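Each chain is listed here by its residues.
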Amino acid sequence: MKPLKTELQDAETLRDLGSASVQIVHDLKNQLNGLKLYATFLRKRLEKGERPADELETVKKLIGGLDRTAADLSMIVEYGHPPAIKKQTGTDLEKIVREVATNLNESPAVSGSLESSIIVEGSGAALVGDFDATMLASALKSISIGALKMAAGKTPNAPLHIQLSGEKSDGVIDWKLSEVSDHDPFHSFAGSNEIRLSLAARIIEAHGGSATREDGALRVRLPLTS
């Protein structure tokens, strides 16, 4: 009977598997880029000629699908590396949240939010900490898009409310959902949306915070300095 693998061997196996997966994703992404190049060339040919509108629309959908797949692959590659956090002191958390919400409201096609809008409700308290504004904005954008998609299945076109508050030494951000569930989308890999939320959670955790689902909301806690 073969001995059980040690924890060290398991860790090495997972590391090797992760490295192989990253390489496979790189290869697949290169193939997708090639397909997109051909599809773009075909689209330009169709635009110049008198071809049926549905043919051009089909090609545009093909290119859009390739773009989404390439983005998902890039996300998986990003997940394979630890977040490179560069904190800056005195970063305003509420400002980051409001900028993310404004950008998504102005670009619904990017958020995939259908007709939903985002409403940010502040507490009036100063929410300042040591954060990497760019990385944190990316994580909060992913969580906002995830919340929009989750809410759209229950209350289509209803606005998504984001509540900001200060609790002891933490800044708390709540994306209010209309349902209570035990499912934790921040530590799940059931599709690209939840992989994106898992990546966002890693960025939050790298800031010393946490990302959870509780009390009918997606909740992020981040440590404040004042």
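Higher on the page you've got the structure.
Residues numbered from 1 in each chain as written. Predicted model: local features only at pLDDT ≥ 70, side-chain atom pairs only at ≥ 80, totals over all residues. Heavy atoms only, no water.

Position of Lys86 among the secondary structure elements: in the loop between α2 (53-79) and β1 (88-92). Relative accessible area serves as the criterion here: at 65%, Lys86 is assigned to the exposed category. Sequence separation of Lys86 and Ala133 is 47 residues, and the distance between their C-alpha atoms is 8.6 Å. Lys86 has contacts with Phe131 and Asp132, leaving out every residue within four places of it along the chain. (Helix = DSSP H or I, 4+ residues; strand = E, 2+ residues; numbered from the N terminus. Buried < 20%, exposed > 50% of the residue type's maximum accessible area, 1.4 Å probe, protein only. Contact = heavy atoms within 4.5 Å.)

Take the nonpolar core next. Core analysis: the largest hydrophobic core is formed by 37 residues, its most contacted members being Leu140, Ile143, Ile173 and Trp175. When residues of this core are traced back to their parent elements, those giving at least two are α3 (93-106), β2 (118-121), α5 (133-152), β4 (160-167), β5 (170-176), α6 (192-206) and β7 (217-223). With ten residues, α5 is the largest single contributor of residues to this core. Setting aside anything within four residues of it in sequence, one finds Ile143 in contact with Trp175, Phe186, Leu197, Ala200, Leu218 and Val220. (Core = buried A, V, L, I, M, F, W, Y, C linked by side-chain atoms within 4.5 Å.)

As for its position among the elements, Ser142 is in helix α5. In this structure Ser142 comes out as buried when scored by relative accessible area, which is 13%. Among all residues touching Ser142, those that are not within four sequence positions of it are Arg196, Leu197 and Ala200.

As a further point, take the sheet that holds β2. If you walk across this open sheet you meet the five strands as β2-β4-β5-β7-β6, and the pairing is mixed. The open sheet has two edge strands with one neighbour each: β2 and β6 (210-214). Taking the axes of each pair of neighbouring strands and ignoring which way they run, one obtains an average angle of 20° across the sheet. In this sheet, β4 lies alongside β2 in parallel orientation, the contact comprising four bridges. Directly across from Ile118, in β4, lies its bridge partner Leu160. Here α3 sits on the sheet and contacts β2, β4, β5 and β7; the angle it forms with β2, its principal contact strand, is near 165°. (Pairing = 2+ DSSP bridges. Axes fitted to C-alpha atoms, helices over the stretch in contact; angles between N-to-C directions.)

Moving on: the pairing of β4. Pairing between β4 and β5: six bridges, direction antiparallel. Counterpart to Gln163 in the pairing with β5 is Asp174. With antiparallel pairing between neighbouring strands as the criterion, β4 and β5 make up a hairpin whose turn holds two residues, including Lys168 at a positive phi of roughly 60°.

Below, the discussion takes up α5. Between its first and last C-alpha atoms α5 spans 28 Å; for 20 residues at 1.5 Å apiece the expected length is 28 Å, and the two agree. Counting buried residues in α5 gives 14 out of 20 residues, a clear majority hidden from the surface. Sitting at the amino-terminal end of α5 is Asp132, which places a side-chain oxygen 3.2 Å from the backbone nitrogen of Thr134. (Expected span 1.5 Å × (residues − 1). Polar contact = N/O pair within 3.5 Å; in protein donor to acceptor, adjacent residues only side chain to side chain.)

Moving on to unusual backbone geometry. Although it is not a glycine, Lys168 sits at a positive phi angle of roughly 60°. Examined against the element boundaries, Lys168 turns out to sit in the loop between β4 and β5. Of note in the backbone geometry, Asp215 takes a positive phi value of approximately 55° without being a glycine. Inspection of the secondary structure assignment puts Asp215 in the loop between β6 and β7.

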